[in-house]
Amino acid sequence: MINLLDLSLEDLKKWMKENGEKEFRAKQVLDWIYKGAYNFEAMKNIPKDIKNKLQENFYISVPSVVEKYVSKDKSTVKFLFEYRDGNIIESVVMKYKHGNTICVSTQVGCKMGCTFCASTIGGVVRSLSHGEILGEVLMAQKEIGEKISNIVMMGSGEPLDNYDNSLKFIKSVNNENGLNIGQRHITLSTCGIVPKIKELAEENLQITLAISLHAPNDNIRRKTMPIASVYSIEELLEACKYYISKTNRRITFEYALVDNLNDKEVHAEELSNLLKGLLCHVNLIPINKIDEKEFKSSSTNKIKNFSNILLKNGIQTTIRREMGSDINAACGQLRRRYVKNNIKEV
Ligand code: SAH
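Quick caveat, the model's predicted, so the values are computed rather than measured.

Chemist: Got a sec to walk through the packing of helix α6 (residues 194–202) against helix α8 (residues 233–247)? Specific residues and values, please.
Modeler: With their axes 9 Å apart at the nearest point, α6 and α8 run at an angle of 5° to one another. It follows that α6 is roughly parallel to α8 by the angle criterion. In contact with V194, I197, K198, L200, A201 and E202 of α6, α8 contributes E235, L236, E238, A239, Y242, Y243, K246 and T247. Taken together, the residues of the contact of α6 with α8 sort by class into 8 nonpolar, 1 polar and 5 charged.

Shown next as structure tokens:
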């Protein structure tokens, strides 16, 4: 048996055809699911014999809400979702004036090993399927009773280490017969798996690619990001240039500031030299403290100063607004706590 959500619209059309049914039935079935009907009986416009056939081959599974936290100012909602096999992941919805953004996880845990990140502490358990990532969006929409208009793939996991499912997910949510979320409203964030960035460039998508850079040189980057020992910043930037040449899209570089590690004025100058002339934007992030690790976020003044140096050097820069810190909204922390307290395998 297969989870129907693991099929794209195209997959289901193909199935209908192969099973002697009209292709338009595929959209009708998925419309029901997008409307929140998670059983075949509810699908009123689908003839009984098709429903029976579907039931023989598929089940419909969305994650269940284990816990839900709403920040005091109501701007952030964090979900702990559980899949059929008991695995837990987290998703966050951030409500902005311009719409609702969801931050989705792409894997249970992560194997990339960045030292400042809570998601990677227990390693990776498994990748999420297309339907499981999509399930995060559908359930979040249902729970908040509003539409999601933006997606950032910045939750737990490395999307380019789960390439096929991540790509299929992007195509599905973008489909005008599905959630119809514009590619420019989708961001994929990666720690920088160079060959996969090049592969993604070939897809010629209009999504935003975000690169977790976090350092102005390889020496510093290697201290916190194991991937930096596999690919140098030079190789990473070369892949970024290739991505830009194929898509003409501006790349976002994420740079989390850690006190005394990567936040000095010389680092800002070094970073400016690195990125000069590149179609890009730097997002400075005050690093979030996690229980298990000893590091401090840079002071607000230092972050502002760092930002000013980049701006003075002509690099587009913004400082990320912190949201939902009262509900542990950052990066795998909730799952860690939940799994620890419930003594489940990580
Ligand atoms: N694996 C992908 C996407 C998930 S992490 C990636 O590395 O980009 C999403 C973003 O959160 C990354 O930029 C990551 O470096 C950042 N991040 C992880 N832990 C953090 C922390 N404690 N404080 C601030 N940002 C963090």
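Chemist: An account of the site of the ligand is needed here, citing residue identities and associated values.
Modeler: Surveying the vicinity of the ligand reveals 16 residues, the closest of which are F116, S189, S212, H214 and N288. A distance of 2.6 Å separates an oxygen atom of the ligand from a polar atom in the side chain of S189. Here the ligand, which alone exposes 530 Å², has 96% of that area covered by the protein. Considered class by class, the residues forming the shell around the ligand number 7 nonpolar, 7 polar and 2 charged.

Chemist: Break down the sheet that holds strand β12 (residues 251–257) for me, with residues and values.
Modeler: The 10 strands lie next to each other as β3-β4-β5-β6-β9-β10-β11-β12-β13-β14, forming an open sheet whose pairing is mixed. Strand pairing shows two members of the sheet lacking a second neighbour, β3 (64–70) and β14 (317–319), which therefore form its edges. Neighbour-to-neighbour, the strand axes of the sheet open up by a mean angle of 20°, direction not taken into account. One ladder, built from 5 bridges, connects strand β5 (residues 88–96) with strand β6 (residues 99–103); its direction is antiparallel.

Chemist: I'd like a description of the pattern of salt bridges, backed by residues and values.
Modeler: For the structure shown, the criterion picks out 20 salt bridges. The salt bridge involving K27 is made with D31; its shortest N-O contact spans 2.9 Å. Residue K27 and its partner D31 are located together in helix α2 (residues 24–34), separated by 4 residues, close to a single helical turn. Residue K312 pairs with E269 through a salt bridge whose shortest N-O separation is 3.2 Å. Highlighted residues: K312 in helix α10 (residues 300–312) and E269 in helix α9 (residues 265–275), separated in sequence by 43 residues. Judged by relative accessible area, E269 falls into the partly exposed class, the value being 32%. Put simply, D259, D263, K296 and K302 are held in one network by salt bridges that share partners.

Chemist: Can you break down the environment of L7 residue by residue, with the values?
Modeler: Among the secondary structure elements, L7 is positioned in the loop between β1 (2–3) and α1 (9–18). In sequence terms L7 and K168 are 161 residues apart; their C-alpha atoms lie 9.3 Å from each other. Excluding residues within four positions of it along the chain, L7 makes contact with I2, L12, F58, H130 and K168.

Chemist: So, the pairing of strand β13 (residues 280–286): which residues are in play, and what are the values?
Modeler: With 7 of 7 residues buried, β13 lies mostly within the body of the structure. With burial as the criterion, each face of β13 is covered, one bearing C280, V282, L284 and P286 and the other bearing H281, N283 and I285. Pairing of β12 with β13, which is carried by 7 bridges, proceeds in the parallel orientation. The residue of β13 that forms the bridge with Y255 is L284. Between β12 and its parallel partner β13, the chain crosses via α9, and the hand of that crossover is right-handed. Relative to β14, β13 runs parallel, the two sharing 3 bridges. If you follow L284 over to β14, its bridge partner there is I319. Crossover connection from β13 via α10 to parallel β14: handedness right-handed.

Definitions and cut-offs
- Residues numbered from 1 in each chain as written.
- Predicted model: local features only at pLDDT ≥ 70, side-chain atom pairs only at ≥ 80, totals over all residues.
- Heavy atoms only, no water.
- Axes fitted to C-alpha atoms, helices over the stretch in contact; angles between N-to-C directions.
- Helix = DSSP H or I, 4+ residues; strand = E, 2+ residues; numbered from the N terminus.
- Parallel < 35°, antiparallel > 145°, perpendicular 65-115°, else oblique.
- Contact = heavy atoms within 4.5 Å.
- Nonpolar A, V, L, I, M, F, W, Y, C, P; charged D, E, K, R; others polar.
- Near = heavy atom within 4 Å.
- Polar contact = N/O pair within 3.5 Å; in protein donor to acceptor, adjacent residues only side chain to side chain.
- Areas by Shrake-Rupley, 256 points an atom, 1.4 Å probe, with all protein chains shown as cover.
- Pairing = 2+ DSSP bridges.
- Salt bridge = Lys/Arg side-chain N within 4 Å of Asp/Glu carboxyl O.
- Buried < 20%, exposed > 50% of the residue type's maximum accessible area, 1.4 Å probe, protein only.
- Right-handed = clockwise from strand over helix to strand, strands pointing away.

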